[in-house]
Amino acid sequence: MKTTENTIEILDRLIGVAVDTEKFYRRAAKDVGRADLEEFFHQRAARWKNAADELQAQRKRLGVADQKEGTWGGVMDRTAMDISVAMSKGDSGVVEWAREDAEAAAAEYEKALAANLSPELRTVVQRQLADVRAAVASLEQVLRVYGGPRS
C-alpha cells in the first residue's frame, strides 16, 4: 500500500507542476510581443495540458479521482511574471522566467524518477521529462537571440 500512496503523491506533485506550467505558458503567451514567442508558448501550454491529462489517467488507473488544481506556488509565479513584464523586462524576461520554470519542472520529474514507479508510469515520466528538457533547450536558444539571460 505504501508504494501506491507514494505513487499518488508523486502523481499529485507532477500534475500540480503540469497544471501550473500550462497556466504559466498561457499567461506568457499574452505577455510577449513577438508572434513566434506567443505561438511557442501556446504550443508548450498545450503540451503541458496533455502531460497533465496523461498523468491524470495514470492517477485514475490507481482508482483515485482527478486533481485538476495547480499549486499556490504556481499562482505566485504567474503573479511575479506579470510584475516582471510590468517592470520592462519584456520578452527576454518572460523567456528567462519560463526557462527557470522548465528547469524546476525537470527537477521535479527527476525526483519522481528516483522513486519506485511502475514500469508504465516510469515510461510516461521519462517521456515527459525528455519533452521538458527539449523545452529548456528551445528557451535557451531563444535567449541566445537576446544575448543571454538578464540578471
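Position numbers for residues count from 1 along each chain, tracking the sequence in the order it is written. A pLDDT threshold of at least 70 governs which residues receive local features in this predicted model, and a stricter bar of 80 or more applies before side-chain atom pairs are shown or counted, although totals over entire chains, interfaces and linings include all residues. Hydrogens and water are ignored here; the side-chain numbers use all heavy atoms of the structure.

Some details on the packing of aromatic side chains
Pairing of aromatic rings covers Phe, Tyr and Trp, the last through its six-membered ring, and needs centres within 6.5 Å; plane angles under 30 degrees mean stacked, over 60 mean edge-to-face, and all others mean tilted. Overall, the coordinates contain four aromatic pairs when judged by the stated rule. Between the aromatic rings of Phe40 and Phe41, the centroid separation amounts to 5.4 Å while the plane-to-plane angle is 70°, which identifies the pairing as edge-to-face. Accessibility classification places Phe40 together with Phe41 in one group, the buried group. Grouped by ring-pair contacts, the aromatic residues Phe24, Tyr25, Phe40 and Phe41 constitute a single cluster. Each residue gets one of three labels from its accessible area relative to the maximum for its type: buried under 20%, exposed over 50%, partly exposed in between, using a 1.4 Å probe on protein chains only.

Thoughts on the environment of Val145
Helix and strand assignments come from DSSP, with helices taken as H or I runs of at least 4 residues and strands as E runs of at least 2, each series counted from the N terminus. Mapping Val145 onto the fold places it in helix 4 (residues 119–145). You can call Val145 exposed: its relative accessible area is 66%. Taking the C-alpha atoms as reference, Val145 lies 9.3 Å from Ser92; in sequence the two are 53 residues apart.

Regarding the nonpolar core
Counting 39 residues, the largest nonpolar core has Tyr25, Phe41, Trp48, Leu55, Tyr109, Val125 and Leu139 as its most contacted members. Elements with a minimum of two residues in this core: helix 1 (2–31), helix 2 (35–61), helix 3 (72–113) and helix 4. Here this core gets 11 residues from one element, more than from any other, and that element is helix 1. Note on contacts: a residue pair qualifies if any of its non-hydrogen atoms lie within 4.5 Å across the two residues. Excluding residues within four positions of it along the chain, Phe41 makes contact with Tyr25, Ala28, Ala29, Val32, Val94, Val95, Ala98 and Leu139. Think of a nonpolar core as a cluster: buried Ala, Val, Leu, Ile, Met, Phe, Trp, Tyr and Cys residues, connected wherever their side-chain atoms sit within 4.5 Å.

Overview of helix 4
The terminal C-alpha atoms of helix 4 lie 40 Å apart, and with 27 residues this matches the ideal 39 Å at 1.5 Å per residue to within 8%. If you check which residues of helix 4 are buried, you get Leu121, Val124, Val125, Gln128, Leu129, Asp131, Val132, Ala135, Val136, Leu139, Val142 and Leu143. In a helix, the anticipated span is given by 1.5 Å times the number of residues less one.

A word on the layout of surface pockets
Each pocket or cavity is described by its volume, and for the second largest pocket that value is around 160 Å³. Note on definitions: the grid is 1 Å and covers protein atoms alone; a cavity is a set of points where a 1.4 Å probe fits but cannot get out; a pocket is an open set with protein on both sides within 12 Å along at least five of seven lines; lining residues have an atom within 4 Å of a point. Contributing to the lining of the second largest pocket are Arg44, Arg47, Trp48, Asn50, Ala51, Glu54, Tyr109, Arg127, Gln128, Asp131 and Val132. The set of elements that each furnish at least two residues to the lining of the second largest pocket consists of helix 2 and helix 4. When residues of the lining of the second largest pocket are assigned to their parent elements, the largest contribution, six residues, is made by helix 2. Split by residue class, the lining of the second largest pocket holds four nonpolar, two polar and five charged. Grid points are joined across faces, edges and corners, and a volume is the space filled by probe spheres set on the points. We call Asp, Glu, Lys and Arg charged. Ala, Val, Leu, Ile, Met, Phe, Trp, Tyr, Cys and Pro are nonpolar, and the rest, Gly among them, are polar.

Quick look at the packing of helix 2 against helix 4
It is at 11 Å that the axes of helix 2 and helix 4 come closest, and there the two elements cross at 165°. If you check the angle between helix 2 and helix 4, you find them roughly antiparallel. You can see that helix 2 and helix 4 cross each other, and the crossing is left-handed. Residue-level inspection shows Leu37, Phe40, Phe41, Arg44, Arg47, Trp48, Ala51, Glu54, Leu55, Gln58 and Arg61 of helix 2 in contact with helix 4, the latter providing Glu120, Leu121, Val124, Arg127, Gln128, Asp131, Val132, Ala135, Ser138, Leu139 and Val142. In this analysis, axes come from line fits to C-alpha atoms, helices being fitted only over the stretch in contact, and the angle between any two N-to-C directions falls in the range 0 to 180 degrees. Just so you know how the angles are binned, under 35 degrees is roughly parallel, over 145 roughly antiparallel, 65 to 115 roughly perpendicular, and the rest oblique. Each crossing is labelled by how the near helix is turned from the far one, with a counterclockwise turn of less than a right angle marking it left-handed and a clockwise turn marking it right-handed.

Function cannot be inferred from these measures alone, as they are strictly geometric.
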